[in-house]
Amino acid sequence: MAVEPEHASVKGRKPPERSPRRQRSPRDVADELRTRIRAGVLRPGERMPTQARLAQEFGVERGVVRQALRILQSEHLLTNVSKGAPATVAPDLGAGALLTGPGASPQPTMAALTPRINEAFAAPHVEIDALCLTAVSLTLAIGEPLRRIHAGELKPAKIDVRVLLPSRDIDLAFPAAVDGSSAERLQRHWLAHRNAQGQVLRHNLLTLRATHGIDVRVSFRALPFTPPVKLYLLNGTEALFAYYTVKRHEQQVDHEPLEMYDAEGTRSVLFAFEHGAGARDTTFVEQSLLWFDALWETISSDLLLTS
């Protein structure tokens, strides 16, 4: 029986079978288009290529493209997503839309954290993990979504918050008194501040149980070291990371000036990473989740927010 030419090699042998190409998912297509938007290849207000053209470019069905466009619409990067006319790149890409991914610009903690926490609370199940020095930034950032919940604008069904803070039983690397004789006074001051912030955070969140019937869990654990960085993990999909930069300055402690080495966490610059925004971001988020869980489940201990 004759062998069809397309199935035969030059020597008459059957060529090796090629591995089937992996079908791109809506998330794959969304990741590529998001990168183009953030890199400025697709500019604010510009119309996207047609769905048919995108389907041809990515080698997928138009339904896959449509789902990818809806993902980007949910992230406020696109408008006018429909079966008809091409979508449009959002004309006003605010800080929240451009905060994560390869094209994101690092921002001070309070400028970056508040909009991302606000977006995280739009999910039915809110999950926030934080590793920090006192939880000041987290308490402030959660204020806006709490206001929106009370106003009826947000309606999460469940909220889980886990916070890792330094233990009261360690000698802190910072804040540290320049004059070693003042170390005990500064430690008491920091401990009172840590406990007060944690109590406010826990109270404000647990109040949602009684006022809105939301299933809320807030947990704290103590670290046996002073964290040199701060980390916020939002709904398992975003990681916000910053270094604590230690400086020497003077501060009032117990109504007396005290020279100390400390870091102002609210001004620490946050670097944002998003799961799905390329291999680097995805890996960073996954490893950050693993690192946080490891600390939580191994070397951390129970933390009581008392003096």
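Here the structure is a predicted model, which means the values were calculated and not measured.

A few points about the overall build of the protein chain
For step 1, the next point in the chain: Scanning the protein chain for helices and strands turns up 7 helices and 13 strands.
For step 2, the next point in the chain: A buried classification covers 45% of the 307 residues belonging to the protein chain.
For step 3, the next point in the chain: A fraction of 71% describes how many contacts in the protein chain between residues 6 or more apart in sequence connect residues 24 or more apart.
For step 4, the next point in the chain: As displayed, the protein chain has an accessible area near 16,600 Å², and 51% of this comes from carbon and sulfur atoms.

Re the environment of Leu 165
For step 1, the next point in the chain: Along the polypeptide, Leu 165 turns up in strand E5 (residues 158-166).
For step 2, the next point in the chain: Classification of Leu 165 as buried rests on a relative accessible area of 0%.
For step 3, the next point in the chain: Here the alpha-carbon distance between Leu 165 and Gly 198, two residues 33 residues apart in the chain, equals 9.4 Å.
For step 4, the next point in the chain: Here Leu 165 is in contact with Cys 132, Leu 133, Thr 134, Ala 135, Arg 194, Phe 220, Arg 221, Ala 222, Leu 223 and Leu 303, once residues within four sequence places are set aside.

Regarding the pairing of strand E8 (residues 229-234)
For step 1, the next point in the chain: Among the 6 residues in E8, 6 count as buried, and that is most of the element.
For step 2, the next point in the chain: Alternating residues of E8 divide into Val 229, Leu 231 and Leu 233 and Lys 230, Tyr 232 and Leu 234, and every residue in both groups is buried.
For step 3, the next point in the chain: Inspection of the sheet shows strand E4 (residues 125-131) paired to E8 by 4 bridges, in the antiparallel sense. Residue pairing across strands places Asp 129 opposite Leu 233, the latter belonging to E8.
For step 4, the next point in the chain: In the sheet, E8 pairs with strand E9 (residues 238-243) via 6 bridges, with the strands oriented antiparallel. Bridge pairing in E9 places Val 229 opposite Tyr 243.
For step 5, the next point in the chain: Here E8 folds back onto E9 in antiparallel fashion, the turn holding 3 residues, of which Asn 235 has a positive phi close to 55°.

What to know about the pattern of salt bridges
Note on pairing: side chains with opposite charge can pair once their charged atoms come close.
For step 1, the next point in the chain: This model, assessed by the stated rule, comprises 15 salt bridges.
For step 2, the next point in the chain: In this structure, Arg 148 and Glu 153 form a salt bridge, with 3.0 Å as the shortest nitrogen-oxygen distance.
For step 3, the next point in the chain: For Glu 153, a relative accessible area of 46% puts it in the partly exposed group.
For step 4, the next point in the chain: Taking the shortest distance from any N to any O, the salt bridge between Asp 281 and Arg 280 comes out at 2.7 Å.
For step 5, the next point in the chain: Counted as one network, the salt bridges with shared partners bring together Glu 32, Arg 36 and Glu 57.

Let's talk about the sheet that holds strand E3 (residues 107-108)
For step 1, the next point in the chain: As summarised here, the arrangement of the 8 strands in space is E3-E12-E9-E8-E4-E5-E7-E13, forming an open sheet in which the pairing is mixed. In the strand order of this sheet, the two ends are held by E3 and strand E13 (301-302), each with one partner.
For step 2, the next point in the chain: Direction of pairing for strand E7 (residues 215-223) relative to E13: antiparallel, over a ladder of 2 bridges. Pairing of Ala 222 across the sheet is with Ser 301, part of E13.
For step 3, the next point in the chain: Helix H7 (residues 279-297) contacts E4, E5, E7, E8, E9 and strand E12 (269-274) of the sheet and is inclined by roughly 110° relative to E12.

Structural notes on the confidence of the model for the protein chain
For step 1, the next point in the chain: Of the residues in the protein chain, 88% reach a pLDDT of 70 or more, and the chain-wide mean stands at 86.
For step 2, the next point in the chain: Of all the helices and strands in the protein chain, helix H1 (residues 26-39) carries the lowest mean pLDDT, 80, while E5 carries the highest, 98.
For step 3, the next point in the chain: Below a pLDDT of 50 lies the segment residues 1-21, which in the model reaches 7 contacts outside its immediate sequence neighbourhood of four places, other chains included.

Focus: the pairing of E12
For step 1, the next point in the chain: Here E3 runs beside E12; their pairing, made up of 2 bridges, is antiparallel. Across the sheet, Pro 108 pairs through a bridge with Val 269, a residue of E12.
For step 2, the next point in the chain: Bridge analysis of E9 against E12 gives 4 bridges, and the strand direction is antiparallel. Among the inter-strand pairings, Leu 240 is bridged to a residue of E12, identified as Ala 272.

Conventions we followed
- Residues numbered from 1 in each chain as written.
- Predicted model: local features only at pLDDT ≥ 70, side-chain atom pairs only at ≥ 80, totals over all residues.
- Heavy atoms only, no water.
- Helix = DSSP H or I, 4+ residues; strand = E, 2+ residues; numbered from the N terminus.
- Buried < 20%, exposed > 50% of the residue type's maximum accessible area, 1.4 Å probe, protein only.
- Contact = heavy atoms within 4.5 Å.
- Areas by Shrake-Rupley, 256 points an atom, 1.4 Å probe, with all protein chains shown as cover.
- Pairing = 2+ DSSP bridges.
- Salt bridge = Lys/Arg side-chain N within 4 Å of Asp/Glu carboxyl O.
- Axes fitted to C-alpha atoms, helices over the stretch in contact; angles between N-to-C directions.
- pLDDT = per-residue confidence, 0-100.

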